[in-house]
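What the coordinates show
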2 protein chains.
Amino acid sequence: MSILIKDAENSEDIYIEGNHIKEIGTNVTEADKVIDATGKAVLPGLANTHTHGAMSLLRSYADDMQLQEWLEEKIWPVESKLTSEDVYLGTKLACLEMIKSGTTVFADMYFHMEDAARAAEELGLRSVMSYGFIDLNDADKREQEIKKTKEFVESVEGKKLIKASLGPHSVYTVSDEGWDWIKEYSEEKDLLVHTHLSETRKENEECVEDTGKRPTSYLNDLGVLNERLLAAHGCWLTRQECKTLGSNGVSLSYNPCSNMKLASGGVMPFPWLDKFGVNVCLGTDGAASNNNLDLFEEMKFASLLQKNNLWDATVLPAERVWRLATRNGYRALDLDGGVLEEGWLADLIVVDLGLESSCPGHDLYSDLVYSVNGSCVDSTIVNGKVVMENRKVGGEEKILKEAREQAKDLVNR
Amino acid sequence: MSILIKDAENSEDIYIEGNHIKEIGTNVTEADKVIDATGKAVLPGLANTHTHGAMSLLRSYADDMQLQEWLEEKIWPVESKLTSEDVYLGTKLACLEMIKSGTTVFADMYFHMEDAARAAEELGLRSVMSYGFIDLNDADKREQEIKKTKEFVESVEGKKLIKASLGPHSVYTVSDEGWDWIKEYSEEKDLLVHTHLSETRKENEECVEDTGKRPTSYLNDLGVLNERLLAAHGCWLTRQECKTLGSNGVSLSYNPCSNMKLASGGVMPFPWLDKFGVNVCLGTDGAASNNNLDLFEEMKFASLLQKNNLWDATVLPAERVWRLATRNGYRALDLDGGVLEEGWLADLIVVDLGLESSCPGHDLYSDLVYSVNGSCVDSTIVNGKVVMENRKVGGEEKILKEAREQAKDLVNR
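Note that the structure is predicted; figures quoted are calculated from it, not measured. (Residues numbered from 1 in each chain as written. Chains lettered and ligands numbered in written order. Predicted model: local features only at pLDDT ≥ 70, side-chain atom pairs only at ≥ 80, totals over all residues. Heavy atoms only, no water.)

**Let's talk about the relation of the copies chain B and chain A**
Relating the two copies of this chain is a rotation about some axis coupled with a shift parallel to it. Note on the copies: chain B fits chain A at an RMSD of 0.0 Å, the axial shift is 0.0 Å, and the rotation between them is 180°. Given the turn and translation reported, the copies of this chain are related as if by a two-fold rotation axis. Within chain B, S375(B) has its C-alpha nearest the rotation axis, a separation of 3.5 Å. (Least-squares fit on C-alpha atoms with pLDDT ≥ 70 in both.)

Next comes the structure, spelled out in structure tokens:
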């Protein structure tokens, strides 16, 4: 299968063969499929590096609540009743929304991951998926979690679009022994590790109380800080922690909407992370705390939150934000995507430049980051396959209908 | 002309006669025009209470710059060459974008306002327009500004959709004598007054240095704080200033995106303003500093910025934000709109609830504020007239084409 994207406003023609970008230029004139991108821009697809896809079923279910109350009174009680069908249909809804807003790969962490994988595969979206490992210092539970993790990893072996990763939930929900196992198994299988880090003050305070160390030092001493680690949030990192993360090659997923909405308070210190070479990327978190999965909107929040926080309008300019959402995301997921260059993965999007919100069009990156939202995405291509064209995704009505019914059932269960 | 909006998910049928909501219920079954709102919500239209419409021509022209540099090196040099045709075509672009994202009235402040008024009238959008009065302590300039203001006010007398207001730019660009004239003339003609207040630290510091008073006290002593005053920004208000604004019945337009993007630093203190009864409403500011005019996006920023700033996820919950953007905005503009009740202005929108971003639909207000963006608006009705239906606005291609050409010409002039 080959695809030719012609006459885009911002690029020479892009020729895709199989799942890679084969040629950029004007030599190729024919392909199995030709996309006319007149009046449009062709761009790398976006990478959502931290989400819990199936939580889309809980979008707008509980808002304007303090984090702890939100979790204890609303989210956890519902999650305790979660079935594999919920995860399957919820992840389908999430994938639909991501495809429609230009995301081509996402890093997921949740439960019933075999079902999440099935959903993403059916929609044709690329994913890096981890089972949320929580042992709460309980040896029996740990054995269960190890078993579930291994089963999931084995279940997706050989799948084209899905890469398994490990998902130790956080420093406060996984024991030292749990982390030790994660470390060994990730080395043995060469798997990425996806966790939450420094989201709240509570987490930081309790970690210091329990271990005498801040979360980053604690993880460093456990030997899990390395290029395989993708940590989400980082709201309360000190300068020294940023340095530690940078010198160990850790990637950090910045989730501004979720952090602001749940009032985490701290703001991920982008300038320090940048200074110490941390690979900062972008994530939406789950739809229950955002409440959408639109990385275009997230890019605007990402930049504006830094500017507001640092009283500096020059920080995190548009083109840098764009890189966080594309190349840095793919890099965090150890994938050769997120740039439009020959030989790279054919994960890309075609964006309509003809909307009122990007008119008159003085600067492409400013428009992408500050002006438009995910509804500007006209077509989405993942792994050399068109998963959305002219804003139409196959079977979307059915996905919405089933998600609506399932969500109603879930919260009334 | 009558309109019947039937079968909305959130409301009984709405019957519009002339420019008012005549009846809500199920008695009326026929009308000149029937809108089927199955799967949709019918809601009051949004009020954008602070913008500079024509600046849409400068969207994405200059970003990621410090405020003073942005003004001095980029915005002011271009504005010095601004023609009435620029304002006409730029305001048309702004009106198109606002209609498409569900805004039914906007408060504009700029130059060549006769041309802005003509643009808004042609698109059928309601507006409260003010000529930006700047005398810089120069008596000759003041006479000119008075003349221009009067000419504009007279030019729109009797117009159905346009209300003139006065636009003294700020405490630092208008002299005492200028404010005195504004006060007198607003009383004589019963006109609203639209100004900028406490946007930056610089403004506050200089006002204290020059007058010994903070901006709010200074305006209070000039006698211009009253129910006619609509002040924009309020990033650096003290508790005492909030009290003064409240006891005088002033309305405050909150502009979170622009303030964050230009790194004003301070955050409008919503809880104090609310405590002292200030009518807080919402505005986008101009597209050059936002960079769009989408009040749905602005609502999300409005709430999340407060939550982040106050470390409190319960502050400014979804339904309150919705009220800021609707009823409070209309109230600030002294218009009987922004609610769906019999006898009120027929300024309303029909919103598509069938999008992936508002699925599964647990809570309407959470979805409106946190989940969707302006692209959810299906139809917009202003003053009892349909200005957008099924996302189509008459002549939109021409507006975009002309705006693109005019913007290119403007920045190269």
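**Some thoughts on the nonpolar core**
Core analysis: the largest hydrophobic core is formed by 218 residues, its most contacted members being F296(A) and F296(B). Apart from residues lying up to four places away in sequence, F296(A) is in contact with L46(A), S101(A), W322(A), I349(A), V351(A), L368(A), V369(A), V372(A), N373(A), G374(A), C376(A) and V377(A). (Core = buried A, V, L, I, M, F, W, Y, C linked by side-chain atoms within 4.5 Å. Buried < 20%, exposed > 50% of the residue type's maximum accessible area, 1.4 Å probe, protein only. Contact = heavy atoms within 4.5 Å.)

**Comments concerning the packing of helix α4 (residues 139–155) of chain A against helix α5 (residues 176–189) of chain A**
Between two packed helices, what matters for the description is the angle formed by their axes and the separation of those axes. All names here are of chain A. For the pair α4 and α5, the least separation of the axes is 11 Å and the interaxial angle reads 20°. By the angle between their directions, the pair α4 and α5 is classed as roughly parallel. Read as a crossing pair, α4 and α5 show a hand that is right-handed. Counting all contacts with α4, which are made through R142, I146, T149, K150 and V153, the residues of α5 involved are E177, G178, W181 and Y185. Partitioned by chemical class, the residues of the contact of α4 with α5 number four nonpolar, two polar and three charged. (Axes fitted to C-alpha atoms, helices over the stretch in contact; angles between N-to-C directions. Helix = DSSP H or I, 4+ residues; strand = E, 2+ residues; numbered from the N terminus. Parallel < 35°, antiparallel > 145°, perpendicular 65-115°, else oblique. Left-handed = near helix turned anticlockwise from the far one by under 90°. Nonpolar A, V, L, I, M, F, W, Y, C, P; charged D, E, K, R; others polar.)

**Some remarks on the confidence of the model for chain A**
Detailed conclusions should not be drawn from predicted coordinates in areas where pLDDT is low. When pLDDT is averaged along chain A, the result is 97, and 100% of the positions lie at 70 or above. Two numbers describe this predicted complex: its pTM, 0.98, and its ipTM, 0.98. (pLDDT = per-residue confidence, 0-100.)

**Focus on the interface of chain B and chain A**
Between chain B and chain A, the contact holds 63 residues from the first and 63 residues from the second. Interface area, chain B with chain A, both sides summed: about 5,200 Å², of which 58% is carbon and sulfur. At the junction of chain B and chain A, the tally comes to four salt bridges. Residue E297(A) is joined to K300(B) by a salt bridge in which the shortest nitrogen-to-oxygen separation is 2.5 Å. Where chain B packs against chain A, one counts 33 residue pairs in polar contact (both at pLDDT 80 or more). Taken together, the elements giving at least two residues each to the side of chain B that touches chain A come down to α2 (84–100), α9 (256–261), α11 (295–310), α14 (364–371) and α15 (396–412) of chain B. When residues of the side of chain B that touches chain A are assigned to their parent elements, the largest contribution, seven residues, is made by α11(B). (Buried area = accessible area lost by both parts, 1.4 Å probe. Salt bridge = Lys/Arg side-chain N within 4 Å of Asp/Glu carboxyl O. Polar contact = N/O pair within 3.5 Å; in protein donor to acceptor, adjacent residues only side chain to side chain.)

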